Amino acid sequence: IVDGKVTTLNEAEVLARMLVQTSRNEGLAMVYADLVGFEGNEFYFFRPDDGWNSVTFGQLQYHFMETVPLGIRSGDGSITLNPPQDQVLTEEDDVVVLAEDDSTINYSSHPVVSPQPRKYSTLRKEVPVENHMVVGWNNKAPIVLREYAAYMKEGSSVNLLVQADLHEGVQQTFDHIAAGFPKIKMTLNEIDFRSKEEMAALNLPTYTTVSILAGSGEEAEEIDAKTIMRLLLIRNIFQDYAQQTGEENKTKLITEIVNSENTELVMRAGIRDFLISNQFVSRIFAQIAMESDVMRVYDDLFSEDGSEVYVKPIELYFDFEGGDSLEVTFAECVLAAQQREEVCFGYKLGSEEKDAAQAFGIHVIPRKDRTLTLSKSDGLIVLAEDES
């Protein structure tokens, strides 16, 4: 009706893409929990009063002590996340930055830190064949299925598990989606969710991930109650598997909850990765209300094209030279990521990944002069074009 004056937010699409990305990358849910909202860090557009003075995007990282530049909004309005390191900023460019608050965007016209080069790793993460199980059906399910199929390599599979008495329209929708991805194996199973025997027969511990979708059409408390029941049932199946085989279950379990007040219940069930639907959407909406172009940043982050957020193993960045740990500054982590054409804006400590008080080991935009002792169980939080 009014061209350029209305910003639309597709709730189902944003949450579905977020669910797929977080399920495929350990710790990413807590990163998004930090990014999506005013309590953690936020996206801003910044341009200094005195201009950029021909600084490149790569150099710009060291002109901020805590704030991290993630991309550029050009004079023509286009937004590019993780642009080339040698791209020179023009006086019409704004920088997309991640900061705790607009008052903490601490830009300096001169570098505030000078990282020392290290011996870098040449390793690349091999993209594996993946097998995912999606449990439940709602308006996000078709998007989730398409997103999984689009991200995965040939030979992978994505499977849907629904209540046996669901309407036959689900089968038709599923078949239509599956026909669009002939190189990905897609199957639909119908069971009684109340039956542990039927659930156990699916051999869920063999999957890469199991993602539980929230229901729809009921009160939030009732939806979450059913979700948590399914969550507990699946967790018990994993525990039985570990006891019977003596092997640690490596299947990643992620769930969507509607009411943020139920977060503690989910955490008590031992689940570290979860999406709070109402809270995430409300926070994104609030950010967009302040700056409409933030929606374009989220669209880019949640798209399979361009760069996305990953938590990657530290061994992809540094050569430990036979040791078990490494002492570096965060600025040196940023420099290591730049060797791979990535933007580093945080780190993950494996020693804290079960500690809720430490955000499960996720640390976003620390000071660049902070000294870190990193082990091989740690990782870097980066903006990158792929997960390799």
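These notes cover the structure that comes with them. (Residues numbered from 1 in each chain as written. Predicted model: local features only at pLDDT ≥ 70, side-chain atom pairs only at ≥ 80, totals over all residues. Heavy atoms only, no water.)

### Looking at the overall build of the protein
Along the backbone of the protein there are eleven helices and 16 strands. Along the first, second and third principal axes, the C-alpha set of the protein runs to 65 × 60 × 40 Å. In the protein, buried positions account for 54% of the 388 residues. Sequence-distant contacts in the protein: of pairs separated by 6 or more residues, those separated by 24 or more amount to 77%. As displayed, the protein offers around 17,800 Å² of accessible surface, 46% of which is attributable to carbon and sulfur atoms. Positive and negative charge centroids in the protein, built from 33 and 65 side chains respectively, lie 5 Å apart. (Helix = DSSP H or I, 4+ residues; strand = E, 2+ residues; numbered from the N terminus. Buried < 20%, exposed > 50% of the residue type's maximum accessible area, 1.4 Å probe, protein only. Contact = heavy atoms within 4.5 Å. Areas by Shrake-Rupley, 256 points an atom, 1.4 Å probe, with all protein chains shown as cover. Lys, Arg positive; Asp, Glu negative; His and termini not counted. Charge placed at Lys NZ, Arg CZ, Asp CG, Glu CD.)

### Details of the packing of aromatic side chains
Applying the stated criterion to the full structure yields ten aromatic pairs. Between phenylalanine 43 and tyrosine 298, the aromatic rings sit 5.4 Å apart at their centres with planes inclined by 80°, giving edge-to-face as the arrangement. Of this pair, phenylalanine 43 sits in strand E1 (residues 42-46) while tyrosine 298 sits in helix H10 (residues 294-301); the two residues are 255 residues apart in sequence, bridging distant segments of the chain. The burial state of phenylalanine 43 is the same as that of tyrosine 298; both residues are buried. Both rings, one in phenylalanine 64 and one in tyrosine 107, keep their centres 5.3 Å apart while their planes meet at 55°; by these two values the pair is tilted. Here tyrosine 107 lies in the loop between strand E4 (94-99) and strand E5 (131-135) and phenylalanine 64 lies in the loop between helix H3 (57-60) and strand E2 (68-73), a separation of 43 residues in the sequence. By the ring-pair criterion, three or more aromatic residues cluster together here, those being Tyr32, Phe43, Tyr298 and Phe302. In this structure, lysine 312 packs its charged tip against the face of tyrosine 310, placed 5.4 Å from the ring centre. (Phe/Tyr/Trp six-rings, centres within 6.5 Å; stacked < 30°, edge-to-face > 60°. Lys NZ or Arg CZ within 6 Å of the ring centre and 35° of its normal.)

### Comments concerning the layout of surface pockets
By volume, the second largest pocket amounts to about 420 Å³. In terms of lining residues, the second largest pocket is bounded by 19 residues, among which Gln163, Phe193, Gly215, Lys226 and Arg230 are the most central. Breaking the lining of the second largest pocket down by element, the ones donating at least two residues are strand E6 (157-163) and helix H7 (220-245). Residue composition of the lining of the second largest pocket, grouped by class: nine nonpolar, five polar and five charged. (1 Å grid on protein atoms, 1.4 Å probe; cavity = no way out; pocket = protein on both sides within 12 Å on 5 of 7 lines; lining within 4 Å. Points joined across faces, edges and corners; volume = space filled by probe spheres on them. Nonpolar A, V, L, I, M, F, W, Y, C, P; charged D, E, K, R; others polar.)

### A look at the sheet that holds E2
Read from one edge to the other, the open sheet built from four strands follows the order E1-E4-E2-E3, with strand pairing classed as antiparallel. Each having just a single partner strand, E1 and strand E3 (79-81) make up the two edges of the open sheet. For this sheet, the mean inter-axis angle between neighbouring strands, taken without regard to orientation, is 30°. Here five bridges tie E1 to E4, and the two strands are oriented antiparallel to one another. Looking at E4, one finds that tyrosine 44 is bridged to valine 97. (Pairing = 2+ DSSP bridges. Axes fitted to C-alpha atoms, helices over the stretch in contact; angles between N-to-C directions.)

### Thoughts on a negative patch on the surface
Together, Asp86, Glu341, Glu385 and Asp386 make up a negatively charged patch on the protein surface. Relative to the helices and strands, aspartate 86 is located in the loop between E3 and E4. (Patch = residues over 30% accessible without salt bridge, like charges linked within 9 Å, V, L, I, M, F, W, Y side chains within 5 Å. Salt bridge = Lys/Arg side-chain N within 4 Å of Asp/Glu carboxyl O.)

### Side note on H7
Compared with an ideal rise of 1.5 Å per residue, which puts 26 residues at 38 Å, H7 spans 37 Å between its outermost C-alpha atoms and is within 8% of the ideal. Within the sequence span of H7, burial applies to Ile223, Asp224, Thr227, Ile228, Leu231, Leu233, Ile234, Ile237 and Phe238. Remark: glycine 246 follows H7 within two positions and exhibits a positive phi of approximately 75°. (Expected span 1.5 Å × (residues − 1).)

### Here we look at empty space enclosed by the protein
A full pass over the atoms with the stated rule returns three cavities of 30 Å³ or more. Its volume calculated, the largest cavity comes out at about 70 Å³. For the largest cavity, the full set of lining residues is Gln21, Arg24, Asn25, Leu28, Tyr151, Glu308, Val309, Tyr310 and Glu387. Partitioned by chemical class, the residues of the lining of the largest cavity number four nonpolar, two polar and three charged.

### Here we look at the packing of helix H1 (residues 11-23) against helix H4 (residues 141-151)
Between H1 and H4, the shortest axis-to-axis distance is 9 Å and the interhelical angle comes to 45°. The pairing of H1 with H4 is recorded here as oblique in orientation. When you trace H1 past H4, the crossing you get is right-handed. Here Ala12, Glu13, Ala16, Arg17, Leu19, Val20, Gln21 and Ser23 of H1 come into contact with H4, specifically with Ile143, Val144, Glu147, Tyr148 and Tyr151. Grouping the amino acids of the contact of H1 with H4 by side-chain chemistry returns eight nonpolar, two polar and three charged. (Parallel < 35°, antiparallel > 145°, perpendicular 65-115°, else oblique. Left-handed = near helix turned anticlockwise from the far one by under 90°.)

### A look at the environment of arginine 194
Tracing the backbone through its elements, the reader meets arginine 194 in the loop between strand E7 (185-191) and helix H6 (196-200). Since its relative accessible area comes to 73%, arginine 194 is described here as exposed. As a C-alpha pair, arginine 194 and isoleucine 79 span 115 residues in sequence and 48 Å in three-dimensional space.

### What to know about unusual backbone geometry
Positive phi is not limited to glycine here, since asparagine 82 has a value of about 50°. Mapped onto the fold, asparagine 82 is located in the loop between E3 and E4. Phi at isoleucine 365 is positive, roughly 40°, even though this residue is not glycine.

### Some remarks on H1
The end-to-end C-alpha separation of H1 is 18 Å, in line with the 18 Å expected for 13 residues at 1.5 Å each. Among the 13 residues in H1, eleven count as buried, and that is most of the element. Within H1 the residues assigned to the buried category are Ala12, Val14, Leu15, Ala16, Arg17, Met18, Leu19, Val20, Gln21, Thr22 and Ser23. Measuring from the side-chain oxygen of the N-cap residue of H1 to the backbone nitrogen of alanine 12 gives 3.3 Å; that N-cap residue is asparagine 10. (Polar contact = N/O pair within 3.5 Å; in protein donor to acceptor, adjacent residues only side chain to side chain.)

It is worth stressing that arrangement in space is one thing and function is another; only the former is reported here.
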